[in-house]
Amino acid sequence: EDLKKSIREIEQSCPVLLSEMDTVKRQIEEATRWEESIDSNVNRGADSDASDTDAGGDTITEKKCTLEKVERLLSKGRNLTLRPRSLVRLQNRIERAHVLRRRIVVWNEARNQEDPQNIKFIATLIKEANKVDLAFPELLTLTGVHKKAEEWMERASIAARTTISLEELETLVSTGESLPLNVSDVLEKLQKRLKQAQEWIMCLSEIVPSSDDNIVWLKRFRNALEDSDSATRLTNILSQGSRIPVDMNCMKLLQIEIDARNWSMKARPWIPENLQSTDETGVPQKRGKIDDVEEHLDRASTLRDRLWFSHEEKSQWVLDGESELTHMLEMAEAWFDKYDDVISYDNRSKKKGKLRLSISKLHAIAQEVNKIPLNLGNPATRMNRIYSQAETWINKYYPLVKRCGIECSYMPPEAASNESIELLTIVDLDEAVSDADADIPFDLSEVVEMRNILEKGQEWVGKATAIAPADDAPKKGWKEKHSLKEVSDLLEKAPSILVDIASDVDRLITVRDTVESWRILARQNLRDIISAFNTFQRDRSTTNSSNVTVPTSNGGIKPETAQTAPNVELQVSDSGVTETSVAESTLIGNGSKTLYTLVSDFIKSVKSMIIETPEGNVSEELNEAISWFTRASKMIDSASEVFDKRNFTKLDKTIQSGRKLTKFSRMKEIAEDPTLIYDLRESWAAVVNDDIERLMELQRKRDRFLEWCEHADEIVSSSDKKVSIGTLNELEQQSAGYPSSSDVVSRVRKRANDAQEWLKVAKELLDSGGKIPIEDAKHITNAGDKLNITCNEYKTLRSALKATRSWLLKVKKINGGKEGQTAAVGVTELINEHANFLVTANDEFEKLQQTMCGYCICRQPYEGFMIGCDTCEEWYHGPCVGISASQAEKCDKYVCIRCNTLKVYNDNISTIAAVVRKWSSATGLVKARTADDQRYGRKTRQADRDYGKHKETVEKYKVEMKFLQQRIGASQASPANKQFVGLTKEETSLLEKIQKAQSSADTISKRIDGYRAELIERKNREATENSMSSNLKKWCRMIKKEILAPVTMAEADSSRPKSELMSPPMEKAKTYAESLGINNILDVDTVLNSLKILCWCLTASEALARKPKVEEIRRLISHSERSYFKLPESKCVRMLRSMSSRAQIWQSKAQKALAGVVGGTDKFDLDFLNELMTFARQIPLTMPEHARIWHTIQDGGSRYCVCGGPSDGSFMLGCDNCDKWFHGSCMKVNKEVGEALTKWVCPSCTTKVSQSVLESIKAEQKAITESKECQPVQPVPEVKPVEDISPHAPSLNSLWPPLGLRGSQKAIDAFGKVGDSDDEDFVAPPVNRYHLVVAAQNAPTSNPNAAAGSNAQPRPVAAVSSKLPINRNGVSAPKAVNNSLPAPATVNQFLPAPVTSLKNNVKAAAISLSQKKKPLGNYPGTLVQGKRNIELPDASMASVP
């Protein structure tokens, strides 16, 4: 391939066709053709030597390439001019084939010399042949031998592990002996097993001669087993043969024959010939169970299946007793098949009836089953038991069967020849049938016929008894009616009944005669009832003609007559007329009987009759008519109940049922009196028609009530249109005549009452003249909406509420504003607008007031996460103080930077006071030095104890070290030796402990030495102080009098520091110390340093009370970092540095963002500037870049001037020629001159205007400048902006003097009463609460801006929203109202500040003094601090010094 590539390159580069190149190409083609012949003729190359590792004969025999053919190809390749790589591989392959060939020849010669190799050697040769992959004759011979040997080894290995047949074992042994290989390790095992099998067969042949016919051999085995000795020997031989792992046919036959002998011995007792004999114990043999016999025959089939003979040969081998058992089983199966329906019958099945059999059939079944010599189990036992029960029954009731005329072919032997002629009774028949049903599960034919006779007699007697019961029969509460036809039919059937029924026939005849007599009397009673109905109708018509009806209050009617008619009112029960209310005392009708009495007597007589007659059928219709009269009378008398919805259907049904009463068609005519039924119906029809008219009048009144209800319900239930209160009152008046139980009436009255109550509340609320909270307005208007009413008061409240809601929408809109000044003006307008509303939104109004309040150091409104200080209770923005919500959750207590600064201030005051007390009192020095001695003693004693403890530990470890010195030298075992060479782990650990304890002891020893040096130094210092004690006392009295506790306020004001530098009295104290020569004393140096720290803390507190400037914070940090004084590293300094660092980073970004580009016209990145403004809200400092960015954003980010800077709020000049704007500082024109100029031209326009114009501009500018310089400088009064001072910041007036005036309680607590330690004779007046209150009134306010009318803003309301952040103590933070981007100027300066009343100041001071604790601030309501509820003072209170 490389040569081909080179030729192609030469052809492309050489312009001449070279003859040598054709020669080389021809040589390449010859080599290529040779390699192709190698690839096509040789299946595998030398490169595949390692790929084929399996040794197998199939691989060799299928080779297509032989060794001779490859040698011919090799000779051709050697003649080539070029030498391919495959030629070398082929040559190596042929050499390996010749080596293998020689090894195979050597093996073949050794085999012929009876020195065979094992199979592993042959496998190695085959594996090598697979790698060479060439065929030759010797290899084919070797492959055949190897394949044959592998097959034999595989079968022999299986045979050695398992049991094989004798013939297969003989074949394996003969084949192994003929192999030309050494397989003795497996062959010897097989030969040994074959020998054992042949010896066993010889022993068996000595007892039973062998035979080629298997059947003959089995017979010989059976004959030999009949002899007990031979049977024992054969059993032992079989046991020996079972231990030989060879499968022999003779052993199988012997085992089968022994099993057959055992089978026959078990079957012998079941054979019929042996059933009469007894067993060894003398007990007679029992019949074999059919299941056991079947199972035993199955075992015989199993023994037969173990034979490997043909079917004919197997059939010739029969076991002893097998044919007898088979015959017995066939008999049993034939019996089962014949009587399967009888045997399988289950009398517990209710779906099928009982099986019917005759007694003769049962006798035949029992005889056949007893002939079978087998125990057939439950079927045979059941059939014998049933036959026994049937035989017992027929013996007992055979005479009764004969009297019934039932044919019976079976006659019991005990039956008497003479038959009785007694009459049949139902009792005898019922007893016989019951006994048969209880004892016999089948239905005997004789029992079935007897049951039919019994049922026929019982049916007749039952009907006869129901019609004419016997005298001694029990009385029943309800009797069924029977017809006269039923009585006649029973009398006709009486002759066909076989049982005795003579008494029943007599009773039926008596009943028939009684009914005929009653019918005559009933027709006469009905005529009397007709006459009574007619009389009743005439009397009621006469009475009603004089009635006058007047409406009642409840909408019904009340009859008023001159004489009240008798009221006939019948009370009807389910069974008929039962009682009367008034009618029973009024006589109507024929004779002295009333209508009720006639009807009642007739119905009672009908009930007493058990035979149904045409006259009796009239009682049902008559009962219905009387019942209807009662219901109709109740409805007419109680007319108000007709308006009840439950009685609507009742009234309609009563009218319908009354109309049906007039058209009765169910009554049939009586043949004996055809006009009776017609006269009766006509008599009550007149009464019914009169009551129907009255009921229809009530129905019309009800319909009018329903129309009113529909109209009222439509008005009351309507939700689309409001209902006026006048309409409801009118409906209430109309409902006066209707019952209050009606749902519509009750709803109308309730709705009207609710409307009147609502109107009363609304009038009271409107007439009160005060403001209405929006919650109350919503509540009452919602109540009006629920009532769906309208009136003038409702409209007034609705319009007022609508105005307030519109105001709330404006509040929501202004809260989303973007500019602080616009938002502030809008808030002011909303506050003023809210004052004119009738309905007020107090919560939102308070939120608006809170938007004007400032929090935190930045003095901005609430926004985002806020945290409250646990000391001063001021709220701080988390980003401003560098605390996140997660960090706030972890800290238990948060103290703000103001409180930390105040703590440093108070600590230094305590330090100065301690030094002054030490030198200004008689006992102060002794107490101070005693305290130093005690402190020193505690330190030294603790050090001595620690030193002794560590020394004991060292000694204990040294004792444990002694056993180590026997193994290692002293140099190695020394604790000073740090290289523990050759020691175990335990020894090394011990030495490390010794070193550690010794090191601790040395450290403590050095500490003790330091304490001793400190003691010496302190003694020397005390000696020096003692020598200068008088000067120190003088100096400390001067510090106490002029700085710590001056006598007058003038002295206190003069000692107050004006900046972070010391005041003149402080400088005087320093100079005085130098003059006294005590400036090097430690206490003096400590006091002077503490005074410097007090100045720094006062300056820091003043700056942090409002939003500080970044320059102020950096100046404080620089003073704390300089060596001017030694400020302890406190949290306040770290927080100042954090704010300054964040401000510096922001300022650098802002300066870079506002950097000008000379000649640039692209606008500033407003998105980035807005991001900077957002980040600036997280820095509680006033930075000049903040205002510049705000002006740039307001201007749209345009560039001006030659510098390419923004319009950042600084003074700018406008060119009168090009209308471009330029910074005054860039043009070197100040604001005073620029505002005085009438015209100005930029530098780029100087070439575009005339020279005269330029000269006039320059002259004007020069004149203005000179006039400004000539005019004397007038002092401009400095107007300080109104600053937002935090009401929670410490008051500077309360902080100085540090301990108050000398007569104050604070100074007395620090130094004692005046005169105890002072040289002056000043005596302070007595201090009481009145003086303190007056001092509070006359003292300056805590807020520096209070004199200007400013006051502390109210604290935020904690419960503004349910979704508020919570500080660590559970106090809810205020809800943000205005999250808009603030303008550089604070929002508060646009609103007038409220004035604090003096009364509230005095009240706050009194509370503070009386409770002797710090006031909690100006929170309204109750806040949760820790786990206590603290009731806070009113929001209007202001703090006092």
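Residues numbered from 1 in each chain as written. Predicted model: local features only at pLDDT ≥ 70, side-chain atom pairs only at ≥ 80, totals over all residues. Heavy atoms only, no water.

*Asks:* What is the right way to look at the overall build of the protein in this model?
*Replies:* Summing up its helical and strand segments, the protein has 52 helices and 20 strands in all. Scored against the burial criterion, the 1441 residues of the protein give a buried share of 41%. Long-range pairs, those at least 24 residues apart, make up 70% of the contacts in the protein between residues at least 6 apart in sequence. Summing over all exposed atoms, the protein offers an accessible surface of approximately 80800 Å²; the carbon and sulfur share of this is 51%. (Helix = DSSP H or I, 4+ residues; strand = E, 2+ residues; numbered from the N terminus. Buried < 20%, exposed > 50% of the residue type's maximum accessible area, 1.4 Å probe, protein only. Contact = heavy atoms within 4.5 Å. Areas by Shrake-Rupley, 256 points an atom, 1.4 Å probe, with all protein chains shown as cover.)

*Asks:* I tried to follow the packing of helix α44 (residues 1131-1153) against helix α45 (residues 1166-1176) on my own but got confused; where do I start?
*Replies:* Following both chains from N to C, one finds α44 and α45 inclined at 160°, their axes separated by 11 Å at the closest point. Here α45 runs roughly antiparallel to α44, going by the angle between their axes. Considering only the axes of α44 and α45, their crossing is left-handed. Touching Trp1146, Lys1149, Ala1150 and Ala1153 of α44 are Phe1168, Leu1169, Leu1172, Phe1175 and Ala1176, all from α45. (Axes fitted to C-alpha atoms, helices over the stretch in contact; angles between N-to-C directions. Parallel < 35°, antiparallel > 145°, perpendicular 65-115°, else oblique. Left-handed = near helix turned anticlockwise from the far one by under 90°.)

*Asks:* How should I be thinking about the packing of aromatic side chains in this particular structure?
*Replies:* Each pair of aromatic rings is reported with the distance of its centres and the angle of its planes. Taken as a whole, this structure holds 11 aromatic pairs when the rule is applied. Looking at Lys252, its charged tip hangs above the ring of Trp308, at a distance of 5.7 Å from the centre. For Arg1199, the ring lying beneath its charged end belongs to Phe1164, and the centroid distance is 3.9 Å. (Phe/Tyr/Trp six-rings, centres within 6.5 Å; stacked < 30°, edge-to-face > 60°. Lys NZ or Arg CZ within 6 Å of the ring centre and 35° of its normal.)

*Asks:* What is the right way to look at the environment of Ser360 in this model?
*Replies:* Tracing the backbone through its elements, the reader meets Ser360 in helix α17 (residues 359-371). Ser360 sits in the partly exposed class, given a relative accessible area of 33%. Spatially, the C-alpha atom of Ser360 lies 7.0 Å from that of Ser409, the residues being 49 residues apart in sequence.

*Asks:* Looking at this structure, how should I read a negative patch on the surface?
*Replies:* A contiguous patch of negative charge, built from Asp291, Asp292, Glu294, Asp298, Glu330, Glu333, Asp337, Asp340 and Asp341, is present on the exposed surface. Elements supplying a minimum of two residues to the negative patch: α13 (290-305), α15 (322-338) and α16 (340-343). Here the negative patch takes 4 residues from α13, the largest share from any one element. One can find Glu294 in helix α13. (Patch = residues over 30% accessible without salt bridge, like charges linked within 9 Å, V, L, I, M, F, W, Y side chains within 5 Å. Salt bridge = Lys/Arg side-chain N within 4 Å of Asp/Glu carboxyl O. Lys, Arg positive; Asp, Glu negative; His and termini not counted. Charge placed at Lys NZ, Arg CZ, Asp CG, Glu CD.)

*Asks:* I tried to follow helix α36 (residues 924-961) on my own but got confused; where do I start?
*Replies:* Because each turn of an α-helix spans 3.6 residues, side chains separated by three or four positions end up pointing in the same direction. The terminal C-alpha atoms of α36, which comprises 38 residues, lie 56 Å apart, in line with the 56 Å expected from a rise of 1.5 Å per residue. Among all positions in α36, only Gly924, Leu925, Arg929, Asp932, Tyr936, Gly937, Thr940, Ala943, Val954, Tyr957 and Met961 are buried. (Expected span 1.5 Å × (residues − 1).)

*Asks:* What exactly am I supposed to notice about the nonpolar core here?
*Replies:* Buried together is how nonpolar side chains tend to be arranged in soluble globular proteins. Formed by 224 residues in total, the largest nonpolar core has its most connected members in Trp152, Trp393, Met450, Trp460 and Ile529. Top contributing element to this core by residue count: helix α26 (residues 676-717), with 15 residues. Sequence-distant contacts of Ile529, that is, excluding residues within four places in its chain, are made with Leu595, Leu598, Val599, Phe602, Leu622 and Leu680. Core analysis: the second largest hydrophobic core is formed by 88 residues, Tyr876, Cys880, Trp1035 and Ala1150 among them. (Core = buried A, V, L, I, M, F, W, Y, C linked by side-chain atoms within 4.5 Å.)

*Asks:* Looking at this structure, how should I read the packing of α45 against helix α46 (residues 1184-1194)?
*Replies:* At their nearest, the axes of α45 and α46 sit 10 Å apart, and the two run at 140° to each other. As summarised for this structure, α45 and α46 are arranged oblique, according to the angle between their axes. Relative to α46, α45 is oriented so that their crossing is left-handed. Within the contact between the two elements, α45 uses Leu1166, Leu1169, Asn1170, Leu1172, Met1173 and Ala1176 and α46 uses His1186, Ile1189, Trp1190, Thr1192 and Ile1193. Residue classes in the contact of α45 with α46 are distributed as 8 nonpolar, 3 polar and no charged. (Nonpolar A, V, L, I, M, F, W, Y, C, P; charged D, E, K, R; others polar.)

*Asks:* Any chance you could explain a nonpolar patch on the surface here in plain terms?
*Replies:* A grouping of Ile10, Val16 and Leu18 is seen on the molecular surface, where their side chains present a nonpolar patch of about 230 Å² in accessible area. Summarising the element assignment, Ile10 is placed in helix α1 (residues 2-13).

*Asks:* Explanation requested: the pattern of salt bridges in the structure shown.
*Replies:* Between side chains of opposite charge, a pair can form when the charged atoms approach closely. Tallied over the entire structure, the rule returns 40 salt bridges. For Asp443, the salt bridge is made with Arg451, and the minimal N-O distance between the two is 3.8 Å. Classification of Asp443 by relative accessible area gives buried; the value is 12%. It is possible to trace a salt-bridge network through shared partners that takes in Arg222, Glu257 and Asp320.

*Asks:* Can you walk me through the environment of Arg1106 in this structure?
*Replies:* Topologically, Arg1106 is positioned in the loop between α42 (1082-1104) and α43 (1110-1121). C-alpha of Arg1106 to C-alpha of Asp1284: the two residues are 178 residues apart in sequence and 5.9 Å apart in space. Within the structure, the side chain of Arg1106 is placed 3.1 Å from the side chain of Glu1112, a separation counted as a polar contact. (Polar contact = N/O pair within 3.5 Å; in protein donor to acceptor, adjacent residues only side chain to side chain.)

Purely spatial values, then, with no claim about function.
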